[in-house]
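Structural description and commentary
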Amino acid sequence: MSFTTPTPAPARLNRSELAVPGSRIELFEKAARSKADAIFLDLEDAVAPSDKEQARKNIIAAINDIDWGDKVLSVRINGLDTHYMYRDVVDVLEQAGDRLDLIMIPKVGTAADVYALDMMATQIEAAKGRKKRIGFELIIETALGMQNIHEIAGASKRNESLHFGVADYAASTKAMTTGIGGPNPHYGVLTDKDGDNPRDYHWGDMWHYAIARMVVAARANGLRPIDGPFGDFSDPDGYRAQAARAMVLGCEGKWAIHPSQIPLANDVYSPSEAEVTKAKRILEAMTKAQAEGAGAVALDGRLIDIASIKQAEVMVKQAEAIAA
Ligand code: 1VU
Ligand code: GLV
Ligand code: MG
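So, a few notes on the structure that sits alongside this text. Computed from a predicted structure; not experimentally measured. (Residues numbered from 1 in each chain as written. Chains lettered and ligands numbered in written order. Predicted model: local features only at pLDDT ≥ 70, side-chain atom pairs only at ≥ 80, totals over all residues. Heavy atoms only, no water.)

1. Topic: the packing of aromatic side chains
Across all of its chains, the model carries five aromatic pairs by this definition. Plain terms: the ring middles of Phe164 and Tyr169 are 5.1 Å apart, the flat faces sit at 70° to each other, and that makes the pair edge-to-face. Seen in terms of ring centroids, Phe164 and Trp207 are 6.0 Å apart; in terms of plane orientation they differ by 55°. Their pairing is tilted. Pair noted here: Phe164 is in strand 6 (residues 159-164) and Trp207 is in the loop between strand 8 (201-203) and helix 8 (208-220), with a separation of 43 residues, a long-range link. The residues Phe164 and Trp207 share a single accessibility class, namely buried. An aromatic cluster of three or more residues is present, and its members are Phe164, Tyr169 and Trp207. Lying over the aromatic face of Tyr84, Lys52 brings its terminal NZ or CZ to 5.4 Å of the ring centre. (Phe/Tyr/Trp six-rings, centres within 6.5 Å; stacked < 30°, edge-to-face > 60°. Helix = DSSP H or I, 4+ residues; strand = E, 2+ residues; numbered from the N terminus. Buried < 20%, exposed > 50% of the residue type's maximum accessible area, 1.4 Å probe, protein only. Lys NZ or Arg CZ within 6 Å of the ring centre and 35° of its normal.)

Right, here's the structure in full:
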């Protein structure tokens, strides 16, 4: 292990994160009663420019008045390139109570973007005597943000999670697609090039690099990596497959842009009983092995060693957090 160890962000269950436009107040109570682990109330792209000011008022009132239970509660502010952002931060942090956990910063491009927000939040908290320090969720959704992701991830002690914003990322990188997340038939690999059916191919995952890079940057800085939206809410199988791909790479959860996606995310990001049982057996076998002075042993015909303890603990800890 390096002498440098990342400080983990506060532990929060983040399997599903429901997006709720700040202009649609009729959705707020439904979101609060949903099974989402986290909710972000949106001031950014789901809100038309003409609704921005009213949405800000709606969100402040909702944070203060609605019972959000034990959900993680966040507000997505507008980007640093807009004139809405400063007022989003000032009004929300000055007027919304301590129930608010996080602010979500879209289209982060450089570490200085995070620094600027940290400076604003720090001043407002001191001036207003806010007791709870607000945390940051950062959306990586531009080529610039993806280029600078490692510096961004380490830019503030408020940082808690990185999110992959696939729609804006596709636009920023000029990817030839209009879908929001998931695979694209053009990103295919021929599987039978010389055979009877030369058109036989499987679809690859065009988001693999971006998500894998985000996972590394997040974990190296003690943050949660979270997969972003999957726009086709009529395709639960596609959602599940995308969520599972991100999960095995190390993500801790995925956005839900429609309530029907919440149980899918919660399910994919909850290890099954069989997986947890297997992980516990690895821990037991390794405890026994270590008592006997062995570092590597066989379990069910497979090698397990000290790294297996750390792998198994990831699964067991997630199961414990869900059960708590
Ligand atoms: O059954 P009911 O009538 O009681 O409820 C409806 C509907 O009101 C409710 N619902 C929601 N509740 C809470 N939060 C939500 N986000 C939400 N969406 C819908 O669920 C019931 C079924 O809804 P529906 O199938 O009739 O859906 P609608 O046609 O009303 O709305 C569909 C969209 C996709 C427009 C809606 O779900 C929505 O606005 N989702 C969030 C969009 C968003 O926040 N986008 C920003 C994040 S994604 C991004 O930035 C890049 C793409
Ligand atoms: C999210 O904000 C996205 O652009 O996908
Ligand atoms: Mg976006």
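Having seen it, we continue.
2. A few points about the site of ligand 1
Contacts to ligand 1 come from 17 residues, most closely from Ala19, Lys30, Arg76, Ile257 and His258. Ile257 places a polar main-chain atom, nitrogen or oxygen, 2.7 Å from a nitrogen atom of ligand 1. Here ligand 1, which alone exposes 980 Å², has 62% of that area covered by the protein. Sorting elements by how many residues they give to the shell around ligand 1 places strand 1 (residues 16-21) first, with four residues. In terms of residue class, the shell around ligand 1 is built from 12 nonpolar, one polar and four charged. (Near = heavy atom within 4 Å. Polar contact = N/O pair within 3.5 Å; in protein donor to acceptor, adjacent residues only side chain to side chain. Areas by Shrake-Rupley, 256 points an atom, 1.4 Å probe, with all protein chains shown as cover. Nonpolar A, V, L, I, M, F, W, Y, C, P; charged D, E, K, R; others polar.)

3. Some details on the packing of helix 2 (residues 52-65) against helix 3 (residues 85-95)
Between helix 2 and helix 3, the shortest axis-to-axis distance is 10 Å and the interhelical angle comes to 25°. One finds that helix 2 runs roughly parallel with respect to helix 3. Here helix 2 runs over helix 3; the crossing is right-handed. In contact with Arg56, Ile60 and Asn64 of helix 2, helix 3 contributes Arg87, Asp88, Asp91, Val92 and Gln95. Taken together, the residues of the contact of helix 2 with helix 3 break down into two nonpolar, two polar and four charged. (Axes fitted to C-alpha atoms, helices over the stretch in contact; angles between N-to-C directions. Parallel < 35°, antiparallel > 145°, perpendicular 65-115°, else oblique. Left-handed = near helix turned anticlockwise from the far one by under 90°. Contact = heavy atoms within 4.5 Å.)

4. Quick word on the site of ligand 2
By nearness alone, every residue bordering ligand 2 is listed as Arg76, Glu141, Gly165, Val166, Ala167, Asp168, Pro229 and Trp255. Glu141 places a side-chain nitrogen or oxygen 2.9 Å from an oxygen atom of ligand 2. Here an oxygen atom of ligand 2 sits 3.0 Å away from a polar atom, N or O, in the main chain of Val166. For ligand 2, whose free accessible area comes to 190 Å², the fraction covered by protein is 94%. Of the residues forming the shell around ligand 2, the biggest block, three residues, is contributed by helix 7 (residues 166-172). Looking at side-chain class alone, the shell around ligand 2 contains four nonpolar, one polar and three charged residues.

5. What to know about the side chain of Asn58
Looking at where Asn58 falls in the secondary structure, it is placed in helix 2. Residue Asn58 is classed as buried on the basis of its relative accessible area of 12%. At 3.0 Å, the side chain of Asn58 forms a polar contact with the backbone oxygen of Gly22.

6. Here's the deal with the pairing of strand 6
The element strand 6 is extensively covered by neighbouring structure, given that six of its six residues are classed as buried. Two elements, strand 5 (residues 135-140) and strand 6, share five bridges in a ladder whose sense is parallel. Following the sheet pairing, Ile140 is matched in strand 6 by Phe164. Examined bridge by bridge, strand 6 and strand 9 (residues 224-227) share four bridges and lie parallel to one another. Paired with His163 across the two strands is Ile226, which belongs to strand 9. (Pairing = 2+ DSSP bridges.)

7. A short note on the packing of helix 11 (residues 273-291) against helix 12 (residues 306-323)
Two elements in contact, helix 11 and helix 12, have axes whose closest approach is 9 Å; the angle formed by their N-to-C orientations is 140°. The angle between helix 11 and helix 12 places the two elements in the oblique class. Seen from above, helix 11 lies across helix 12 with left-handed handedness. Residues Glu275, Val276, Ala279, Lys280, Ile282, Leu283, Met286 and Gln290 of helix 11 pack against Ile306, Ser308, Ile309, Ala312, Glu313, Met315, Val316 and Ala319 of helix 12. Here the residues of the contact of helix 11 with helix 12 sort into 11 nonpolar, two polar and three charged.

8. A closer look at the environment of Met286
Locating Met286 in the fold gives a position in helix 11. Each C-alpha atom of the pair Met286 and Ile211 lies 32 Å from the other, and the pair is 75 residues apart in sequence. Excluding its chain neighbours within four sequence positions, the residues that come into contact with Met286 are Gly295, Val297, Ile304, Asp305, Ile306 and Ile309.

9. Focus: the sheet that holds strand 3 (residues 72-76)
Taken in spatial order, the eight strands line up as 1-2-3-4-5-6-9-10 and close into a barrel, and their pairing is parallel. Strand-to-strand twist across the sheet, computed as the mean angle between neighbouring axes with direction ignored, equals 25°. Note: strand 1 against strand 2 (residues 38-42), five bridges, orientation parallel. Looking at strand 2, one finds that Glu17 is bridged to Ala38. Strands in contact with helix 8 are strand 6 and strand 9; relative to strand 9, the strand with the most contacts, it is inclined by about 155°. Against the sheet, helix 9 (residues 236-249) engages strand 9 and strand 10 (253-256), with an angle of about 150° to strand 10.

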